[in-house]
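Chain and residue survey
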Amino acid sequence: DTAVSQTPKYLVTQMGNDKSIKCEQNLGHDTMYWYKQDSKKFLKIMFSYNNKELIINETVPNRFSPKSPDKAHLNLHINSLELGDSAVYFCASSTATYEQYFGPGTRLTVT
Amino acid sequence: GESVGLHLPTLSVQEGDNSIINCAYSNSASDYFIWYKQESGKGPQFIIDIRSNMDKRQGQRVTVLLNKTVKHLSLQIAATQPGDSAVYFCAEIHSGTYKYIFGTGTRLKVLA
């Protein structure tokens, strides 16, 4: 069984488009995250939700909007995509003792 | 922005040798530390963790050492195998914040 899953795995789109990435975890964790990994492999947290409430909102353009319909899901919607948004986006979830588990990633390419 | 660790270096080791990957962390208030392994095309995978009330923790073939005085973390891999080839990240967190700060990673290459 997949613990943290993301769809799609690859996303190629043009500048200016709006796209969404979906994430689901079946681990029963209360906290979920979105990370961005750039071409140099640097991982930076973008958002975190705990029990469907936003608890971390890093310095991210407001074109990025997370949505958590329930504890098991955290989606990421991106408006007006730009070239600089190209990266790998990882969803993760964590236990109450901070063990964190990552999804397989979504490689976003903006052309 | 905040960061943990150095630029992405590469560590090359012979198969069967021991590997030591180092990390400097930034926040003296951090009380929980994790090492992750990321293989090509995959998400980071939890390897081992350590809390700030410990100096050393051992797992299967891996050991993490924590030196709070100099804010330094290391991961030791015994008898390195080809399957250990990956990028390794350290991460720090201050309990209650849920904000994980990741290092820039180290690429480990295992030479046959």
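Here, every reference points to the structure presented above.
Here is what the cut-offs are and how they apply
Residues numbered from 1 in each chain as written. Chains lettered and ligands numbered in written order. Predicted model: local features only at pLDDT ≥ 70, side-chain atom pairs only at ≥ 80, totals over all residues. Heavy atoms only, no water. Helix = DSSP H or I, 4+ residues; strand = E, 2+ residues; numbered from the N terminus. Rg over C-alpha atoms; globule rule 2.2 N^0.38 Å. Buried < 20%, exposed > 50% of the residue type's maximum accessible area, 1.4 Å probe, protein only. Contact = heavy atoms within 4.5 Å. Areas by Shrake-Rupley, 256 points an atom, 1.4 Å probe, with all protein chains shown as cover. Lys, Arg positive; Asp, Glu negative; His and termini not counted. Charge placed at Lys NZ, Arg CZ, Asp CG, Glu CD. Buried area = accessible area lost by both parts, 1.4 Å probe. Salt bridge = Lys/Arg side-chain N within 4 Å of Asp/Glu carboxyl O. Disulfide = S-S within 2.5 Å. Pairing = 2+ DSSP bridges. Core = buried A, V, L, I, M, F, W, Y, C linked by side-chain atoms within 4.5 Å. Axes fitted to C-alpha atoms, helices over the stretch in contact; angles between N-to-C directions. Phe/Tyr/Trp six-rings, centres within 6.5 Å; stacked < 30°, edge-to-face > 60°.

**Focus on the overall build of chain B**
Looking only at helices and strands, one finds zero helices and 10 strands in chain B. Each helix (α) and strand (β) of chain B, taken in turn from the N terminus, gives the series β-β-β-β-β-β-β-β-β-β. Taking 13 Å as the expected radius of gyration for a compact globule of 112 residues, we find that chain B reaches 13 Å, a close match to that expectation. Structurally, chain B occupies a C-alpha span of about 40 × 25 × 20 Å along its principal axes. Counting all 112 residues of chain B, 42% fall into the buried class. Taking as baseline every contact in chain B between residues at least 6 positions apart, the subset at least 24 positions apart corresponds to 54%. Total accessible area on chain B stands at roughly 5,500 Å², and carbon and sulfur atoms take up 47% of it. Distance between charge centroids for chain B: 2 Å, based on 11 positive and 9 negative side chains.

**Focus: the interface of chain A and chain B**
When the parts come together, some accessible area is lost, and that loss is often what is quoted as the size of the interface. Of the residues lining the interface, 24 residues belong to chain A; the matching set on chain B comes to 26 residues. Summed over both partners, the interface of chain A with chain B buries about 1,900 Å², with 60% contributed by carbon and sulfur atoms. Three residues, Lys41, Phe42 and Tyr98 of chain A, lead the burial of chain A against chain B; their summed loss comes to 34% of the area buried on that side. Inspection of the chain A/chain B interface yields one salt bridge.

**Brief notes about the state of the cysteines**
All names here are of chain A. Summed over all chains, the structure comprises two disulfides over all chains. Between the sulfur atoms of cysteine 23 and its disulfide partner cysteine 91 the distance amounts to 1.8 Å. On the sign convention where negative means left-handed, the S-S torsion of about -75 degrees between cysteine 23 and cysteine 91 marks this disulfide as left-handed. In this pair, cysteine 23 sits in strand E3 (residues 19-25) while cysteine 91 sits in strand E9 (residues 87-94), placing the two residues 68 residues apart along the sequence.

**Topic: the pairing of strand E10 (residues 106-111) of chain B**
Residues and elements named next belong to chain B. Of the two faces of E10, the one holding Thr106, Leu108 and Val110 is buried and the one holding Arg107, Lys109 and Leu111 is not buried anywhere. Where strand E8 (residues 86-93) lies against E10, three bridges are found, and the strand directions are antiparallel. Along E10, the bridge assignment pairs alanine 86 with leucine 108.

**Thoughts on the nonpolar core**
Of all hydrophobic cores here, the largest spans 20 residues; its most connected members are Tyr33, Tyr35 and Phe102 of chain A together with Tyr36, Tyr100 and Phe102 of chain B. Broken down by element, this core gets its largest block of residues, four residues, from E8 of chain B.

**Examining the sheet that holds E3 of chain A**
Residues and elements named next belong to chain A. The strand order across the open sheet formed by four strands is E1-E3-E8-E7, and the pairing between neighbours is antiparallel. What marks the edges here is a single partner per strand, and that holds for strand E1 (4-7) and strand E7 (64-70). Direction aside, the axes of adjacent strands within the sheet are offset by 20 degrees on average. Sheet analysis places E7 next to strand E8 (residues 73-78), joined by five bridges and oriented antiparallel. Bridge assignment links serine 65 to a residue of E8, and that residue is histidine 77.

**Section: the packing of aromatic side chains**
Residues and elements named next belong to chain A. The full count for this structure, using the stated rule, is 13 aromatic pairs over all chains. When the centroid spacing of 6.2 Å and the interplanar angle of 35 degrees are considered together, the rings of tyrosine 33 and tyrosine 35 count as tilted. Looking at tyrosine 33, the relative accessible area reads 0%, which means it is buried. Classification of tyrosine 35 by relative accessible area gives buried; the value is 0%. Taking 6.3 Å as the distance between ring centres and 35 degrees as the angle between the ring planes, the aromatic pair formed by phenylalanine 64 and tyrosine 89 counts as tilted.

**Concerning the pattern of salt bridges**
Scanning the model with the defined rule gives nine salt bridges over all chains in all. Here aspartate 30 of chain A ties to lysine 71 of chain A by a salt bridge, and the two come within 2.7 Å at their closest N and O atoms. One end of the pair, aspartate 30 of chain A, is in the loop between E3 and strand E4 (31-37); the other, lysine 71 of chain A, is in the loop between E7 and E8, with 41 residues separating them in the sequence. A salt bridge links lysine 68 of chain B to aspartate 55 of chain B; the nearest nitrogen and oxygen atoms lie 3.5 Å apart.

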